[in-house]
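# Summary of structural features
Letter by letter, the chains look like this.
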Amino acid sequence: MIARANTIVPFTGAGISTECGIPDFRSPGGIWTRNRPIQFDEFVASQSARDESWRRRFAMEDVFAAAKPGRGHRALASLHRAGKIPAVITQNIDNLHQASGFAPDCVIELHGNTTYARCIGCGQVYQLDWVKRRFDQDGAAPDCSACEEPVKTATISFGQAMPEDEMQRATELSQSCDLFIAIGSSLVVWPAAGFPMMAKNSGARLVIINREPTEQDDIADLVIRHDIGETLGPFVGN
Ligand code: OAD
Ligand code: ZN
């Protein structure tokens, strides 16, 4: 299917990064089996929710800082260089598609990016080092120096608006590809989980690669219930 396709759009979830040492959300030991998500309105309303959110982020810093692209990321980057993949749609926030060789423009981040921070008021970008220094100094999550609104990782939390440009580009890609491959996602979080179905309804073939069954296996043309690194490893080129 990969050989025959002209335009492949991969759609990735946390499962592509587990071999890089980053836990997923819903497998045993996953993030949401250990912590309850902090909703966006809680983050906005409560200093203690912001402190807790940043404590969780700092606790993961060594994991994110050490993570290198896995076989899945590298295989997709090879197919990108070969001209088969115009861009990757991802729910991941770990920056590993960029690290594997996709230009920033070619990574559609539906749920943002956790490797930097942003003011939720004016959008000012902050490096995590700055946040950490301020947190250590004041013992609390910092506010923006420009507008005094809270500073948050540049991710999309539950209850937060989806990024419009990314949703638009993901829609166009899903509607124009001839092969759509969902990789390492339980496909339960909407609206992101709507893209596989959108691609299928627009005439693409749909492949799902995931260790566990997903909610959309029944509409797929092919389901590969196997390890991602092993499945995509043969496509890692130079
Ligand atoms: P999930 O944790 O829901 O699903 C990851 C899937 O990857 C699971 O079904 C695993 O079985 C599978 N998996 C893990 N490692 C694998 C491997 N090596 N090979 C094959 N399969 C593997 O993560 P997502 O679907 O990405 O959003 O979660 C979607 C969204 O929920 C996230 O973007 C995040 C989360 O809450 C927000 O927080 C807004
Ligand atoms: Zn601001």
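So, how was this worked out
- Residues numbered from 1 in each chain as written.
- Chains lettered and ligands numbered in written order.
- Predicted model: local features only at pLDDT ≥ 70, side-chain atom pairs only at ≥ 80, totals over all residues.
- Heavy atoms only, no water.
- Helix = DSSP H or I, 4+ residues; strand = E, 2+ residues; numbered from the N terminus.
- Rg over C-alpha atoms; globule rule 2.2 N^0.38 Å.
- Buried < 20%, exposed > 50% of the residue type's maximum accessible area, 1.4 Å probe, protein only.
- Contact = heavy atoms within 4.5 Å.
- UniProt positions renumbered as here; feature names shortened; annotations may be inferred.
- Salt bridge = Lys/Arg side-chain N within 4 Å of Asp/Glu carboxyl O.
- Arc of directions from axis to C-beta.

So, on to the overall build of the protein. Summing up its helical and strand segments, the protein has ten helices and nine strands in all. Taking 18 Å as the expected radius of gyration for a compact globule of 238 residues, we find that the protein reaches 18 Å, a close match to that expectation. Across the 238 residues of the protein, 50% fall into the buried class. Counting contacts in the protein only where the partners sit at least 6 residues apart, residues at least 24 apart contribute 64% of the total.

Turning our eyes to something else, we now look at the UniProt feature "binding site: nicotinamide" (unreviewed entry) in the protein. Taking the numbering used here, the UniProt-annotated feature "binding site: nicotinamide" (unreviewed entry) corresponds to F25, I93 and D94. Taken along the chain, the residues just named run across 70 residues; in space they keep tight, none of their C-alpha pairs more than 13.3 Å apart. Counting through the fold element by element, F25 comes out in the loop between β1 (8-12) and α1 (31-34). Residue classification places F25 among the partly exposed positions, given a relative accessible area of 30%. Look past the residues within four positions of F25 in its chain and what remains in contact with it is A14, G30, I31, W32 and T33.

Time to look at the pattern of salt bridges. Here the idea is simple: oppositely charged side chains can pair when their charged atoms come close. Tallied over the entire structure, the rule returns ten salt bridges. A salt bridge links R56 to E52; the shortest N-O distance between them is 3.0 Å. With R56 and E52 both in helix α3 (residues 47-59), this residue pair falls four residues apart, about one helical turn. Taking the relative accessible area as the measure of exposure, R56 reaches 23% and is therefore partly exposed. Among the ionic contacts, a cluster of salt bridges with common partners joins E19, R71 and D227.

Another aspect to go through is unusual backbone geometry. Backbone phi values are negative for most residues with the exception of glycine, while trans is the configuration of most peptide bonds. For the bond from W190 to P191, the omega torsion is 10°, close enough to zero to count as cis. Examined against the element boundaries, P191 turns out to sit in the loop between β7 (179-183) and α9 (194-201). Its identity is not glycine, yet N95 carries a phi of approximately 70°, on the positive side. Inspection of the secondary structure assignment puts N95 in the loop between β2 (88-90) and α6 (96-99). Phi at E148 takes a positive value of approximately 70°, unusual for a residue other than glycine.

This part is about helix α7 (residues 128-138). Taken together, the buried positions of α7 are L128, W130, V131 and F135. Summarising the axial view, the buried residues of α7 lie within an arc of 155°, below the 170-degree limit, and thus occupy one face. What points out from α7, more than 90 degrees from its buried face, is the exposed set D129, R133, D136 and Q137. Positive backbone phi, at 70°, marks G139, one or two positions downstream of α7.

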